[in-house]
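# An overview of the molecular structure
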Amino acid sequence: MNVKRLGIYLNDHLLGSTVGVDLARRTEQENRSNPVGQYLGTLVPLLEQDRATLLAVMAALDVKADPLKMGGAWVVEKVSRLKLNGSWLRYSPLSRLVELEGLCVGSHGRVSLWRSLERLAAKDPRLQRFDFGFLAERAEGQLLTLQNLRLRATDTAFTDTSVETGEAPVPTEA
């Protein structure tokens, strides 16, 4: 196994995980009164667990976190807030849609990470204590829920009444 390339791969996912947890927290805070926020309130602790598992995997393989990538994660998260969303002073229905799309992309990445590590665990005893199959299946379920919320957010973002009134009708089921 090429540990150098694996270290780069794991650090890339650590960057993504850091950005994803921050994005999920911010999106949850902006949507506390609706199903998106309610779902993210349950998802954030699981994303934090996934990040902790990734760090444990890195420790098991003696892979150090890359401080440049961690700094990059901070920058990416801050810059992502600067997108134009059609509303300068408040959260927009378009903000919700774009943030949910970002969380969907991150969830795809988590599924891929866990499936790749599941494959490597068959060959490396240092990884066999982790249940990557469970983590991948859980991430797949989370992705399905996020995709459903994203589709509903699409309807809201492009409904004329939500743009005109500034209100963001959100579906009642998640």
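Thresholds applied
- Residues numbered from 1 in each chain as written.
- Predicted model: local features only at pLDDT ≥ 70, side-chain atom pairs only at ≥ 80, totals over all residues.
- Heavy atoms only, no water.
- Helix = DSSP H or I, 4+ residues; strand = E, 2+ residues; numbered from the N terminus.
- Contact = heavy atoms within 4.5 Å.
- 1 Å grid on protein atoms, 1.4 Å probe; cavity = no way out; pocket = protein on both sides within 12 Å on 5 of 7 lines; lining within 4 Å.
- Points joined across faces, edges and corners; volume = space filled by probe spheres on them.
- Nonpolar A, V, L, I, M, F, W, Y, C, P; charged D, E, K, R; others polar.
- Core = buried A, V, L, I, M, F, W, Y, C linked by side-chain atoms within 4.5 Å.
- Buried < 20%, exposed > 50% of the residue type's maximum accessible area, 1.4 Å probe, protein only.

By the secondary structure assignment, Arg 110 is in helix H4 (residues 93-121). The contact partners of Arg 110, leaving out residues within four places of it in the chain, are Leu 47, Asp 50, Ala 139 and Gln 142.

Turning our eyes to something else, we now look at the layout of surface pockets. By volume, the largest pocket amounts to about 370 Å³. If you trace the largest pocket, you find 23 residues lining it, with Gly 16, Ser 17, Gly 20, Gly 106 and Arg 110 closest to the centre. Among the elements that make up the lining of the largest pocket, the one with the highest residue count is H4 (nine residues). A per-class count over the lining of the largest pocket returns 11 nonpolar, eight polar and four charged.

Right, let's talk about the nonpolar core for a bit. If you look at the biggest cluster of nonpolar residues, it comprises 19 residues, and the most contacted ones within it are Leu 10, Val 57, Trp 114, Leu 117, Leu 127 and Phe 132. Looking at this core, the elements with two or more residues in it are helix H1 (3-30), helix H2 (35-60), H4 and helix H5 (132-157). By residue number, the principal contributor to this core is H4, which donates five residues. Ignoring any residue separated from it by four or fewer positions in sequence, one finds Leu 117 in contact with Leu 6, Leu 10, Val 57, Leu 127 and Phe 132.

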